[in-house]
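Breakdown of the fold
Each chain is listed here by its residues.
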Amino acid sequence: MMNMDLSAVIEEMETGDQDSALTALQSYNKQMNQCFTFNRDEQKDREHLGELVLGFLDRELQPSCLLACLETVRILSRDKNCLDPFTNQFAMSTLARYASIAVDSATTPAHSQSVDGQEEDAGGDEEETGLCSKVLKESSPPSENPDQEMIVEALKSICNILLHNETGQMVAADLQLIKGVAERLKQCHDPTWNYEVRFFDLRLTFLLTALRVDVRAQLAQELHGVSLLGNHLEATLGLCCSGTLETARAGFEGIPTEELPPLSRQQTELAMEILKILFNITFDINRRKVDEEEAAVYRHLGAILRHCLMSHADGEERTEEFHSHTVNLLGNLPLPCLDVLLMPKVQQGSIEYMGVNMDAVNTLLKFMEKRLDRGHKLKETLLPSLNLLTESARIHRETRKFLRSKVLPPLRDVKNRPEVGNTLRNKIVRLMTLIDTDVKDCAAEFLFVLCKESVSRFIKYTGYGNAAGLLAARGLLRGGKDPGIYSEDEDSETEEYREAKAQINPITGVVEEEQPNPMEGMTEEQKEYEAMKLVHMFDKLSRNHLIQPMQLGMDGTMTEMTTEDLHKLTNKPLLQSEDPPNLDSEDEN
């Protein structure tokens, strides 16, 4: 088949002859199939071709010609500068008919595949959403839609349009495409639909929920998206759920999850799309209270997510990506529902702590440490798992005590700074020294919760200097303890720590060599002179706005020192400050 230039294709299309159009479009599609960048000089011609193709799609044509037209639309819709012909109601409703997701009309089958260049690989780092609905009944039933190629091509075209064009997004929302897709998602057990149809149904749902807040809310509430997509995820993974919220893969009951064969590539791809959609429609759930019915849905979803966390995909890289989406979604669940992570009975080979199965928590901890060791984009890659562990430890006593045994075991090393070394404690304390406040605050919060929010214990494991940021933010620089519901722990002081306790520098958290006193041999007048010199230096730096001196208030928070405060120090340089906090006042249980 000879390649045809764009103007020749348009000439053949303008004749209106079906056979001529089919030959021209098949040649054009073959030539442009892998093209994702377009010549600007031909923009008007491509738009005209798009209009001609849409006109053909509104006619009664043979399936091969319809498929060629849809392939052309998919190729043209990759060009974000050439989408005008495809973003009106007529064009979008035509594509929806061929995708079999039109809400108001029943017509031909069709479907679509990817979202433009990058999207056609079924990859994507975008955050996800979900959907659900009830309208496909008005489209042709599956048995009357044997040509799923057309469905896939139409779906791909719609995805491309949504990805690049805000008008197209608005029209898709107005046409209620989410309802049509949701209706087909309900058919997750129907073998009629092939992998590509299922994948691009999910990809379209993801884009709709990621780009449109109103569609996101519609799927979550009106269409019961969490339940719908939870069932879809369960079917995709081939799970059967018992009444005790323990999951098992059908045909592998009684076999520990970690011993199951890896998920297939197609299972993993579909599952990750579902996880991304669920993330989109649940991202604000843990900020509000849920009723009993909602809690039951989320606990069921949590049980499925636990299975995801313990499962493996085809390859380490794919497994980590799968687990990453799982962790992101787990972080959205209402906190009381996270107890499903501890639900499974202890089996042979399980990690048991206080009679509880800690396999899932241990997997989360290993996942977090792996991301921490990699050190790449910590805010995006580390924080979801670190936040999840923090909140799980805060609300579940067994989880906190297990994590403390792994992260903050009884302290024996009193000669190296808390941030020096390769233990997990050392690595997390190092995060507290970073410039990125989100990462350092999250790391500090995690250790603070493991210390039951006890200031003395927190300083013991991190050093006062590393702990000061969190303590200042909490108004705890004078010591004390944040209110919280925590159980008593056993005494954690080792013999090494008890012997060195009196010599430990609370600022650095280690025993340091005794340093000579710089004021040794000075008279009181000389000491006063040096103190006044120091105050005047602070005053000068403050006046030039190079530093902002601070002082510790009676409420334990830091406040700015005014010029008047500095003058008071100048006049009374040897005035004794208030007693420092007693860092050993908290019990060490």
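What comes next is a walk through the structure. (Residues numbered from 1 in each chain as written. Predicted model: local features only at pLDDT ≥ 70, side-chain atom pairs only at ≥ 80, totals over all residues. Heavy atoms only, no water.)

Some details on the pattern of salt bridges
- For the coordinates displayed, the defined rule picks out 28 salt bridges.
- With a closest N to O distance of 2.8 Å, Glu 320 and Arg 371 form a salt bridge. Of the two residues, Glu 320 is situated in helix H15 (residues 316–330) and Arg 371 in helix H16 (residues 359–374); the sequence distance between them amounts to 51 residues.
- The shortest N-O distance in the salt bridge between Glu 453 and Arg 474 comes to 3.8 Å. Of this pair, Glu 453 sits in the loop between helix H21 (437–450) and helix H22 (455–462) while Arg 474 sits in helix H23 (residues 464–474), and the two are 21 residues apart along the sequence.
- What makes Glu 453 buried here is its relative accessible area of 6%.
- Since its relative accessible area comes to 29%, Arg 474 is described here as partly exposed.
- Residues joined by salt bridges that share partners form a network here, namely Glu 316, Glu 320, Lys 370, Arg 371 and Arg 374. (Salt bridge = Lys/Arg side-chain N within 4 Å of Asp/Glu carboxyl O. Helix = DSSP H or I, 4+ residues; strand = E, 2+ residues; numbered from the N terminus. Buried < 20%, exposed > 50% of the residue type's maximum accessible area, 1.4 Å probe, protein only.)

Here we look at the environment of Arg 40
- Structurally, Arg 40 can be placed in the loop between helix H2 (18–32) and helix H3 (43–57).
- Exposure remark for Arg 40: the relative accessible area of 66% places this residue in the exposed category.
- Taking the C-alpha atoms as reference, Arg 40 lies 8.8 Å from Asn 81; in sequence the two are 41 residues apart.

Here's the deal with H15
- Along its 15 residues, H15 runs 21 Å from first to last C-alpha, staying within 8% of the 21 Å computed at 1.5 Å per residue.
- For H15, the tally of buried residues reaches 11 of 15 residues, placing the bulk of the element in the interior.
- Within H15, the full set of buried residues consists of Arg 318, Thr 319, Glu 320, Phe 322, His 323, Ser 324, His 325, Thr 326, Val 327, Leu 329 and Leu 330.
- Looking at the buried side of H15, the elements it contacts are helix H13 (265–282), helix H14 (292–310), H16 and helix H18 (383–395). (Expected span 1.5 Å × (residues − 1). Contact = heavy atoms within 4.5 Å.)

With respect to the environment of Lys 427
- Examined against the element boundaries, Lys 427 turns out to sit in helix H20 (residues 424–431).
- For the pair Lys 427 and Leu 372, spaced 55 residues apart in sequence, the C-alpha separation works out to 7.8 Å.
- Residue contacts for Lys 427: discarding those within four places in its chain leaves Glu 369, Leu 372, Asp 373 and Asn 422.
- Engagement of the side chain of Lys 427 in a polar contact is seen with the side chain of Glu 369, the distance being 2.9 Å. (Polar contact = N/O pair within 3.5 Å; in protein donor to acceptor, adjacent residues only side chain to side chain.)

A look at the packing of H3 against helix H4 (residues 63–76)
- Contact geometry for H3 and H4: axes closest at 10 Å, N-to-C directions at 150°. As H3 runs across H4, the sense of the crossing is left-handed. Contacts between H3 and H4 involve Arg 46, Leu 49, Gly 50, Val 53, Phe 56 and Leu 57 from the former and Cys 65, Leu 66, Cys 69, Leu 70, Thr 72, Val 73 and Leu 76 from the latter.
- Here the residues of the contact of H3 with H4 are counted per class, giving 10 nonpolar, two polar and one charged. (Axes fitted to C-alpha atoms, helices over the stretch in contact; angles between N-to-C directions. Left-handed = near helix turned anticlockwise from the far one by under 90°. Nonpolar A, V, L, I, M, F, W, Y, C, P; charged D, E, K, R; others polar.)

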